[in-house]
Amino acid sequence: MLNFKKELAKIISDATNSNEKEIEGYIEIPPDDTMGDYAFPCFKLAKELKKAPAIIASELKEKINENIEQSVIEKVEVAGGYLNFYIRKDILIKVTIEEVNNEKEEYGKSDIGNGKNIVIDYSHPNIAKPFHIGHLRSTVIGQALYNLYEYLGYNVKGLNYLGDYGTQFGKMIEGYKLWGKEYNIEENPIEELTKIYIRINELCKQDENVLESCRNNFKLLEDGDPYCMDLWKRFRKLSLKEFQRIYNLLGGRFDSWEGEAAIAPKVPEVLDILEKTGKLVKSEGAKIIDLEEKKMPPCIIEKTNGSSTYASRDLAAILHRARTYNFDKAIYVTSYEQNLHFKQVFEVAKLLGIDEKYTNGLTHVPFGMVLLKTGKMSTREGNIIKLEDLLNESIQRAKEIIKEKHTDLANEDEIATKVGIGAIIFNDLSNSRIKDEIFDWDIILNFNGETGPYVQYTYVRTNSILASINALPTVDKINIEQMESKEALKIVKLIYNFQEILMEATEKNEPSILSRYLINLAKAYSSFYNEYKIMSDNLEEKDARFYLTYMTSIVLKKGMNLLGIDMPDKM
Ligand code: ARG
């Protein structure tokens, strides 16, 4: 597809004798239409050209105007230190409809990532503990990134790095030994195991001997003792079965389920390597890497009792993943509570002697907390919401709303699932991920708000319009002038920018760039729909309006699918 940014970069670099690639990187898409289709911030060249930005802008404008007829530019304006470009409408429309016509359901796809490997460490719940709302966010963001990178041609692997290792399993085993018969862990694994865990913790506080047995169990587990291993495997399997129910609703694509337990035996190699750097030091019986120079607390590599730590396991995982996946980028999706952990681990990883390619590729993608209207939700608080209940409640609520609108839907449950789950996913992705998120049913499921159901509803509308015709108009018969109205052009411009949005979303690991875009497209289509009659008696008008509807439909669906949301055909 003709790339306007590249075209403009060429024109600007010719006129200023500067590097085309660099210029391309500076060109922006302005936030609103009154500032043109593209803007070039002239201050970026001020140093190089030794001129004030406003002067550069007006000189550049003059130069560009000399040959403007032969270019894709309709007009260019100076606005402060910026140059605002307007692209020729006819070219923009033609290029866009031809591209959609060629690519259809694959519109926006790219092979820019070919040959690059990306691993995404996400979801990663902890065995025998509730899958909480933080894991939901990680799952939703991680999955969207997985889909986005994949669509741009990267080779992506999803890693579910389960929290299936730690001294708590020594306790859980002891608790089960003592009271296992009292709890039905087959029926309700996580709830029952949590109860056992709370009870054994209480006992440990009172009785030092019990605590000692727990520690011993953990040691046995590490050494592969059959009884302890069997129990641990059972806890893991039952937990996964329960998590799977959540993944069935939410999605979540995993190529590996290797958790911390699978990595723990690889920690000694990390210790060896770090030992040889001379930077591993003893401190109060533990082994640490001092990070004072980096203004961070020390990274604990080995505990006083000789066990590995969360950090040393992550270091071993980096070695393992570099070898297994030869990653160009390794993304970790967790709440910002783990910012320090990853900063420390990524710093120490530089001592592992692996290629810089790997350490440069380590990327923490943090996200904010989920705040229920009643307060913060976290595992540490006694009264946690069961995530599965939350998802089912959303489906139930969606069903009631849909029932009010229709009485005759055959696949009501399927639609309610798509709408209810889509609403939760979209809500999770609709604001910049680092922001704390408010979880409020009235917002999430508002069909007229900036929500998942609103985008789905707009899509359903495009679909029913398209269902009313036998065949789409052929692209070369479309009169391009029919798409030059303000409302139509807004849609065309958004559609043209789709791939750019996908690229930006992956560059910043920020799915909200796509969700905001989809809201804008749905809104633009709604305005168009309210302003113009799609089924016009004028054939030319009708063809153009149908084609706009078709393009909108394709992009809304593809965009939502990339976010991990299924689209209903009716609602
Ligand atoms: N299981 C951890 C938790 O629930 C998150 C794991 C994150 N991934 C990692 N490689 N450390 O907090």
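Here the structure is a predicted model, which means the values were calculated and not measured.

What to know about the site of the ligand
Line of reasoning, step 1. Inspection of the region around the ligand gives Asp121, His124, Asn126, His135, Tyr161, Tyr310, Asp314, Tyr332, Thr334, Gln338 and Phe342 as its neighbouring residues.
Line of reasoning, step 2. Residue Tyr310 places a side-chain N or O atom 2.7 Å away from a nitrogen atom belonging to the ligand.
Line of reasoning, step 3. Contact distances for the ligand include 2.7 Å between a nitrogen atom and a side-chain N or O atom of Asp314.
Line of reasoning, step 4. Within the complex, 90% of the 340 Å² of free accessible area of the ligand lies under protein.
Line of reasoning, step 5. Looking at the shell around the ligand, the elements with two or more residues in it are helix 13 (310-325) and strand 9 (329-335).

Notes on the sheet that holds strand 1 (residues 38-41)
Line of reasoning, step 1. If you walk across this open sheet you meet the 3 strands as 1-3-2, and the pairing is antiparallel. Edge positions in the open sheet fall to strand 1 and strand 2 (73-79), since each of these has one partner strand only. On average, adjacent strands in this sheet sit at an angle of 20° to one another, irrespective of strand direction.
Line of reasoning, step 2. Here 4 bridges tie strand 1 to strand 3 (residues 82-87), and the two strands are oriented antiparallel to one another. By the bridge assignment for strand 3, Phe40 is matched with Leu83.

Thoughts on the sheet that holds strand 5 (residues 155-159)
Line of reasoning, step 1. The strand order 5-4-9-10 describes an open sheet built from 4 strands, whose pairing is parallel. Of all strands in the sheet, those bounded by a partner on one side alone are strand 5 and strand 10 (362-367). Between one strand axis and the next, the sheet turns by 20° as a mean value, whatever way the strands run.
Line of reasoning, step 2. Bridging between strand 4 (residues 117-121) and strand 9 involves 4 bridges; their strand directions are parallel. Paired with Asp121 across the bridge in strand 9 is Tyr332.
Line of reasoning, step 3. Across the sheet, helix 6 (residues 133-151) touches strand 4, strand 5, strand 9 and strand 10, and the angle it forms with strand 9 is around 155°.

Let's talk about the packing of helix 9 (residues 208-222) against helix 10 (residues 226-250)
Helix-helix packing is characterised by the crossing angle of the two axes and by the distance between the axes.
Line of reasoning, step 1. Axis separation between helix 9 and helix 10 bottoms out at 8 Å; the angle between their running directions is 90°. In this view, helix 9 runs roughly perpendicular relative to helix 10, as classed from their interaxial angle. Residues Asn217, Leu220 and Leu221 of helix 9 lie in contact with helix 10, whose contacting residues are Cys228, Met229 and Trp232.
Line of reasoning, step 2. Taken together, the residues of the contact of helix 9 with helix 10 break down into 5 nonpolar, 1 polar and no charged.

Examining the pairing of strand 2
Line of reasoning, step 1. Of the pairings in the sheet, the one linking strand 2 to strand 3 comprises 6 bridges and is antiparallel in character. Its bridge partner lying in strand 3, Glu77 is registered against Asn84.
Line of reasoning, step 2. Counting the residues that bridge the hairpin from strand 2 to strand 3 gives 2 residues, and of these Gly80 lies at a positive phi of roughly 60°.

Description of the packing of aromatic side chains
Line of reasoning, step 1. The full count for this structure, using the stated rule, is 22 aromatic pairs.
Line of reasoning, step 2. Seen from their ring centres, Phe327 and Tyr358 are 5.2 Å apart, and the 70° between their planes marks the pair as edge-to-face. Here Tyr358 lies in helix 15 (residues 356-361) and Phe327 lies in the loop between helix 13 and strand 9, a separation of 31 residues in the sequence. The two residues Phe327 and Tyr358 agree in class, both being buried.
Line of reasoning, step 3. An aromatic cluster of three or more residues is present, and its members are Tyr122, Phe131, Phe243, Tyr247, Phe254 and Trp257.
Line of reasoning, step 4. Above the ring of Trp179, the side-chain terminus of Arg199 is found at 4.1 Å from the ring centroid.
Line of reasoning, step 5. Directly above the aromatic system of Tyr161 lies the positively charged group of Arg321, at a separation of 5.0 Å from the ring centroid.

Thoughts on the pattern of salt bridges
Line of reasoning, step 1. Inspection of every chain in the model, using the stated rule, returns 39 salt bridges.
Line of reasoning, step 2. Here the residues in one salt-bridge network are Lys6, Lys21 and Glu24, joined through shared partners.

Examining the pairing of strand 9
Line of reasoning, step 1. For strand 9, a buried count of 6 out of 7 residues is recorded, marking the element as mostly surrounded by other parts of the structure.
Line of reasoning, step 2. In the sheet, strand 9 pairs with strand 10 via 6 bridges, with the strands oriented parallel. Considered in strand 10, the bridge of Ser335 is made with Phe367.

Re the packing of helix 8 (residues 189-206) against helix 10
Line of reasoning, step 1. Taken N-terminus to C-terminus, the directions of helix 8 and helix 10 make an angle of 135°; their axes are 9 Å apart at the nearest point. Taken together, the axes of helix 8 and helix 10 lie oblique to each other. Between helix 8 and helix 10, the residues in contact are Pro189, Ile190 and Leu193 and Phe235, Leu238, Ser239, Glu242 and Phe243, respectively.
Line of reasoning, step 2. Among the residues making up the contact of helix 8 with helix 10, the classes are represented as 6 nonpolar, 1 polar and 1 charged.

Calculation notes
Residues numbered from 1 in each chain as written. Predicted model: local features only at pLDDT ≥ 70, side-chain atom pairs only at ≥ 80, totals over all residues. Heavy atoms only, no water. Near = heavy atom within 4 Å. Polar contact = N/O pair within 3.5 Å; in protein donor to acceptor, adjacent residues only side chain to side chain. Areas by Shrake-Rupley, 256 points an atom, 1.4 Å probe, with all protein chains shown as cover. Helix = DSSP H or I, 4+ residues; strand = E, 2+ residues; numbered from the N terminus. Pairing = 2+ DSSP bridges. Axes fitted to C-alpha atoms, helices over the stretch in contact; angles between N-to-C directions. Contact = heavy atoms within 4.5 Å. Parallel < 35°, antiparallel > 145°, perpendicular 65-115°, else oblique. Nonpolar A, V, L, I, M, F, W, Y, C, P; charged D, E, K, R; others polar. Phe/Tyr/Trp six-rings, centres within 6.5 Å; stacked < 30°, edge-to-face > 60°. Buried < 20%, exposed > 50% of the residue type's maximum accessible area, 1.4 Å probe, protein only. Lys NZ or Arg CZ within 6 Å of the ring centre and 35° of its normal. Salt bridge = Lys/Arg side-chain N within 4 Å of Asp/Glu carboxyl O.

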